[in-house]
Amino acid sequence: MGKQVTRWGNSLAIRLPAAVVEALALKEGDDIEVRISGERTFTIDRDQKRLAALENIRRLRRPPPAGWSFDREEASERR
């Protein structure tokens with residue numbers, strides 16, 4: 001399952017094998033976390049920030065306003 005590093009603009013990139021995409025249930029536009037896990041090794045996981053934020057909201061034990069839903073693009077515009 002070796003992959004070649006390629007240039008993508010000013011960055012370096014690799015393509016994720018289909019087995020990784022399927023195992024993480026990824027789709028285009030999903031956020032992922034890449035962490036160094038050892039010398040010359042790394043791990044890839046789904047980004048858990050959104051789920052953690054929703055869990056924090058649930059801990060408030062208050063229902064969200066009627067009709068409220070999380071919109072990732074709208075949230076990103078607020079940065």
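Above this text you will find the structure in question.
Cut-off values and rules
- Residues numbered from 1 in each chain as written.
- Predicted model: local features only at pLDDT ≥ 70, side-chain atom pairs only at ≥ 80, totals over all residues.
- Heavy atoms only, no water.
- Helix = DSSP H or I, 4+ residues; strand = E, 2+ residues; numbered from the N terminus.
- Buried < 20%, exposed > 50% of the residue type's maximum accessible area, 1.4 Å probe, protein only.
- Pairing = 2+ DSSP bridges.
- Salt bridge = Lys/Arg side-chain N within 4 Å of Asp/Glu carboxyl O.

(A) Quick peek at the environment of Ala75. Inspection of the secondary structure assignment puts Ala75 in helix α3 (residues 72-77). Using a relative accessible area of 29% as the deciding quantity, one classes Ala75 as partly exposed.

(B) Fine view of the environment of Arg50. Counting through the fold element by element, Arg50 comes out in helix α2 (residues 49-59). Under the relative-accessibility criterion, Arg50 is labelled partly exposed at 44%. Remark: the alpha-carbon pair of Arg50 and Leu12, spanning 38 residues in sequence, is separated by 26 Å.

(C) Looking closely at the pairing of strand β4 (residues 41-46). Note: strand β3 (residues 32-38) against β4, six bridges, orientation antiparallel. If you follow Gly38 over to β4, its bridge partner there is Thr41. Count of turn residues in the β3/β4 antiparallel hairpin: two residues, of which Arg40 carries a positive phi of about 65 degrees.

(D) Examining unusual backbone geometry more closely. For Ala25, which is not glycine, the phi torsion reads 50 degrees and is therefore positive. When you line up the elements, Ala25 lands in the loop between α1 (18-23) and β3. Taking the relative accessible area as the measure of exposure, Ala25 reaches 56% and is therefore exposed. For Arg40, which is not glycine, the phi torsion reads 65 degrees and is therefore positive. Within the secondary structure, Arg40 sits in the loop between β3 and β4. What makes Arg40 exposed here is its relative accessible area of 82%.

(E) Fine view of the pattern of salt bridges. With the rule as written, the count across this model stands at six salt bridges. In this structure, Arg35 engages Glu33 in a salt bridge whose closest nitrogen and oxygen atoms are separated by 2.6 Å. Two residues, Asp45 and Arg35, come together in a salt bridge whose shortest N-O distance is 4.0 Å. With Asp45 in strand β4 and Arg35 in strand β3, this pair connects stretches of sequence that are 10 residues apart. On the accessibility criterion, Asp45 (28% relative accessible area) is partly exposed. One salt-bridge network, held together by shared partners, links Lys27, Asp30 and Arg46.

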